[in-house]
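# Residue-level structure breakdown
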Amino acid sequence: MCTDAQIGGFISSIMPVSIIIPALNEAETLPATLASLARLDPAPAEIVLVDGGSTDATAALAREAGARVVAVAPPGRARQMNAGAAEARGDVFCFLHADTVLPADFCALAERVLSERKTALAGFYSIMRGPTKTRWATSFHNYIKTWYAPLLFRPLSFFRGCRLLFGDQVMICRRADFEAIGGFDNEILVMEEADLCLRMVRAGRGKVRMINRHVWSSDRRVAKWGPLRANLTYLYVGIVWGLGGGQRHLRQIYKDVR
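Residues numbered from 1 in each chain as written. Predicted model: local features only at pLDDT ≥ 70, side-chain atom pairs only at ≥ 80, totals over all residues. Heavy atoms only, no water.

### Side note on the packing of aromatic side chains
Within this structure, the stated rule accounts for 12 aromatic pairs. Ring centres of F140 and Y143 lie 6.0 Å apart, and the angle between their planes is 45 degrees; this geometry places the pair in the tilted category. Here F140 and its partner Y143 are both found in helix α6 (residues 136-153), three residues apart, which amounts to about one turn of the helix. According to the relative accessible area criterion, Y143 is partly exposed, its value standing at 29%. For the pair Y234 and Y254, a centre-to-centre distance of 6.2 Å together with 55 degrees between the ring planes defines the contact as tilted. Separated by 20 residues along the polypeptide, Y234 in helix α11 (residues 227-242) and Y254 in the segment after α12 (247-253) bring together distant segments of the chain. Overall, Y234 belongs to the buried group, its relative accessible area being 7%. An aromatic cluster is present here, built from F93, F95, F178 and F184 joined pairwise through their rings. The lysine or arginine in question, K145, covers the ring of Y234, its NZ or CZ lying 4.8 Å from the ring centre. Over the ring of Y254 we find R221, and its NZ or CZ is 3.9 Å from the ring centre. (Phe/Tyr/Trp six-rings, centres within 6.5 Å; stacked < 30°, edge-to-face > 60°. Helix = DSSP H or I, 4+ residues; strand = E, 2+ residues; numbered from the N terminus. Buried < 20%, exposed > 50% of the residue type's maximum accessible area, 1.4 Å probe, protein only. Lys NZ or Arg CZ within 6 Å of the ring centre and 35° of its normal.)

### Overview of helix α4 (residues 77-87)
Within the span of α4, buried status applies to A78, Q80, M81, N82, A83, G84 and A85. Where α4 is buried, its residues meet β1 (17-23), β2 (46-51), β4 (92-95), α8 (175-180) and α9 (192-202). (Contact = heavy atoms within 4.5 Å.)

### What about the packing of α6 against α11?
Across the interface, α6 lies against α11 with an axial gap of 11 Å and an inter-helix angle of 15 degrees. By the criterion of interaxial angle, the relationship of α6 to α11 is roughly parallel. Considering only the axes of α6 and α11, their crossing is right-handed. Of the residues in α11, those touching α6 at T138, H141, N142, K145, Y148 and F153 are N231, Y234, L235, G238, I239 and G242. Residues of the contact of α6 with α11, tallied by class, amount to five nonpolar, six polar and one charged. (Axes fitted to C-alpha atoms, helices over the stretch in contact; angles between N-to-C directions. Parallel < 35°, antiparallel > 145°, perpendicular 65-115°, else oblique. Left-handed = near helix turned anticlockwise from the far one by under 90°. Nonpolar A, V, L, I, M, F, W, Y, C, P; charged D, E, K, R; others polar.)

### Section: the nonpolar core
The biggest cluster of nonpolar side chains holds 39 residues, and the ones touching the most others in it are F93, F95, L121, L164, F178 and C197. Put simply, the parts of the chain that give this core at least two residues each are β2, α4, β4, β6 (119-129), β7 (171-174), α9, β8 (207-218) and α11. For this core, the element with the most residues is α9, which contributes six residues. Not counting residues within four places of it along the chain, the set of residues in contact with F95 comprises I20, M81, A85, V170, M171, C173, F178 and F184. One finds A23, V92, F106 and F124 within the second-largest nonpolar core, a separate group that totals 30 residues. (Core = buried A, V, L, I, M, F, W, Y, C linked by side-chain atoms within 4.5 Å.)

### Let's talk about the pattern of salt bridges
Tallied over the entire structure, the rule returns 14 salt bridges. Where R209 meets E116, a salt bridge forms, and the shortest distance between an N and an O atom there is 2.7 Å. Of this pair, R209 sits in strand β8 while E116 sits in the loop between α5 (106-114) and β6, placing them 93 residues apart in sequence. What makes R209 buried here is its relative accessible area of 17%. Given the relative accessible area of 12%, E116 is considered buried. In this structure, R199 and D195 form a salt bridge, with 2.8 Å as the shortest nitrogen-oxygen distance. One end of the pair, R199, and the other, D195, are both in helix α9, four residues apart, so they sit about a helical turn from each other. (Salt bridge = Lys/Arg side-chain N within 4 Å of Asp/Glu carboxyl O.)

Right, dumping it as structure tokens:
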């Protein structure tokens, strides 16, 4: 875990941050995310929204906020994030979900974290919340699976410094490390972030770490499915993935929620 005190001791070089947002029909949640990005101090070098063929106002909202919009079809989060990275100009990549809100000092924090060469990837604690409540139990489960999932299913990688990050935790990495391992695997439909974490560590690029700060993510999946079903689904998907289950089966279980 990287604490503020620990990362504050590293001298940060100037590393422009590119924020890459894969999106598909996110007009309902995107405004809050874009508003949080407008408050970042210092500001990112750019915001790249990769649209997977939205039929709502997603692309228009992004352009109005000053983001660059890249179109990718058919949609697929790994493909979209790779396309965004190919278009991005920054030295640091931030892969951000369209329903997640960042802290105001995010860019400075990302630069300080990645100035430690032993860190290849880093993510945040994700707190799920909605209009009426905060999902503390689900947020805690998502927090602990960052540790228990690799320990149970990929123990060698775990002891080499791998922690499994998931999309709502926000992922930051250096462009050079991302490109060195070929980015996300376009064939992976679910758990593409976890796969990237494993490949980054196995390639010797560095460790995957948690930053001792939080981000806020939408609870829409929990609100639609209910806490019990949502957490059991998260657990089942992790077990099936850990045991080498097929991507088509995982996609059938873990469908998009809008």
